[in-house]
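Fold and contact review
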Amino acid sequence: MQFDEYLISKKIDKNKLQNAEPQLYQEFEAMYALVSTQSFTQQKLFLINAIRRKYKLDTMAEAKKSNEAPKPIAPKMPFKPKMT
């Protein structure tokens with residue numbers, strides 16, 4: 001997984017982060033290249049959460065999900081005990 005894909009998976013807008021804080025972006029990108037995805041997430045978890053709130057990814061997929069009608073729920077058949 002590339003760093004760009006990682007940011008998308010964490011719902012962080014790459015362009016907003018890169019434009020607002022280029023030094024932080026470069027630091028994160030360099031560290032991500034050196035360690036595994038899980039290790040990076042564990043090391044930067046609290047920073048990632050703050051960054052996610054600050055540079056939230058707005059995608060058409062999220063908007064589409066919110067506009068979709070909910071799927072109808074199939075009725076459940078009542079349990080009928082066997083009579084012997």
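Each remark here, short or long, concerns the structure printed above.
Before going into details, it helps to say that this report is about the structure given with it. As the structure is a computational prediction, the values presented were derived from the model and not from experiment.

Cut-offs and rules
- Residues take numbers from 1 onward in each chain, read along the sequence in its written order.
- Restriction of local features to residues with pLDDT of at least 70 applies here, the model being predicted, together with a cutoff of 80 or more for giving and counting side-chain atom pairs; totals for whole chains, interfaces and linings are based on all residues.
- Hydrogens are left out, water is left out, and the side-chain values use all remaining heavy atoms of the structure.
- Centres within 6.5 Å make a pair out of two Phe, Tyr or Trp rings, where for Trp the six-membered ring is used; the pair is then stacked when the planes are under 30 degrees apart, edge-to-face when over 60, and tilted otherwise.
- Numbered from the N terminus, helices here are DSSP runs of H or I no shorter than four residues, and strands are runs of E no shorter than two.
- What makes a salt bridge here is a side-chain nitrogen of Lys or Arg within 4 Å of a carboxyl oxygen of Asp or Glu, nothing more.
- Think of it in three bands: with a 1.4 Å probe and only protein chains considered, a residue is buried below 20% of the maximum accessible area for its type, exposed above 50%, and partly exposed in between.
- To estimate how far a helix should reach, multiply one less than its number of residues by 1.5 Å.
- A residue's bend is the angle separating two fitted axes: one through the seven residues that end there, the other through the seven that start there.
- Here, two residues are considered to be in contact whenever any of their heavy atoms come within 4.5 Å of each other.
- Directions are taken from the helix axis to each C-beta atom, and the arc is the one they span.

**Description of the packing of aromatic side chains**
Scanning the entire structure with this criterion turns up eight aromatic pairs. Seen from their ring centres, Phe3 and Phe40 are 6.2 Å apart, and the 90 degrees between their planes marks the pair as edge-to-face. Remark: Phe40 occurs in helix 4 (residues 37-54) and Phe3 occurs in helix 1 (residues 3-9); sequence separation between them is 37 residues. Seen from their ring centres, Tyr32 and Phe40 are 5.5 Å apart, and the 85 degrees between their planes marks the pair as edge-to-face.

**A word on the pattern of salt bridges**
In total, this model carries three salt bridges according to the counting rule given. The salt bridge involving Asp4 is made with Lys14; its shortest N-O contact spans 3.9 Å. Of the two residues, Asp4 sits in helix 1 while Lys14 sits in helix 2 (residues 14-20), which places them 10 residues apart along the sequence. Accessibility expressed as a relative area gives 33% for Asp4, which makes it partly exposed.

**Re helix 4**
Between the first and last C-alpha of helix 4 there are merely 21 Å, a value that for 18 residues lags more than 12% behind the 26 Å anticipated at 1.5 Å per step. At Lys44, helix 4 shows its largest kink, close to 75 degrees. Taken together, the buried positions of helix 4 are Phe40, Thr41, Lys44, Ile48 and Ile51. Of the surrounding secondary structure, the elements contacted by the buried residues of helix 4 are helix 1, helix 2 and helix 3 (22-34).

**Remarks on helix 3**
Taking 1.5 Å per residue, 13 residues should reach 18 Å; helix 3 reaches 19 Å between its end C-alpha atoms and fits that length. Of all the residues in helix 3, the buried ones are Leu24, Tyr25, Phe28 and Tyr32. Within helix 3, the buried residues cover an arc of 100 degrees as seen down the axis, which keeps them to one side. Summarising the geometry of helix 3, the exposed residues directed more than 90 degrees from the buried face are Gln23, Gln26, Ala33 and Leu34. The inward-facing, buried residues of helix 3 contact helix 1, helix 2 and helix 4.

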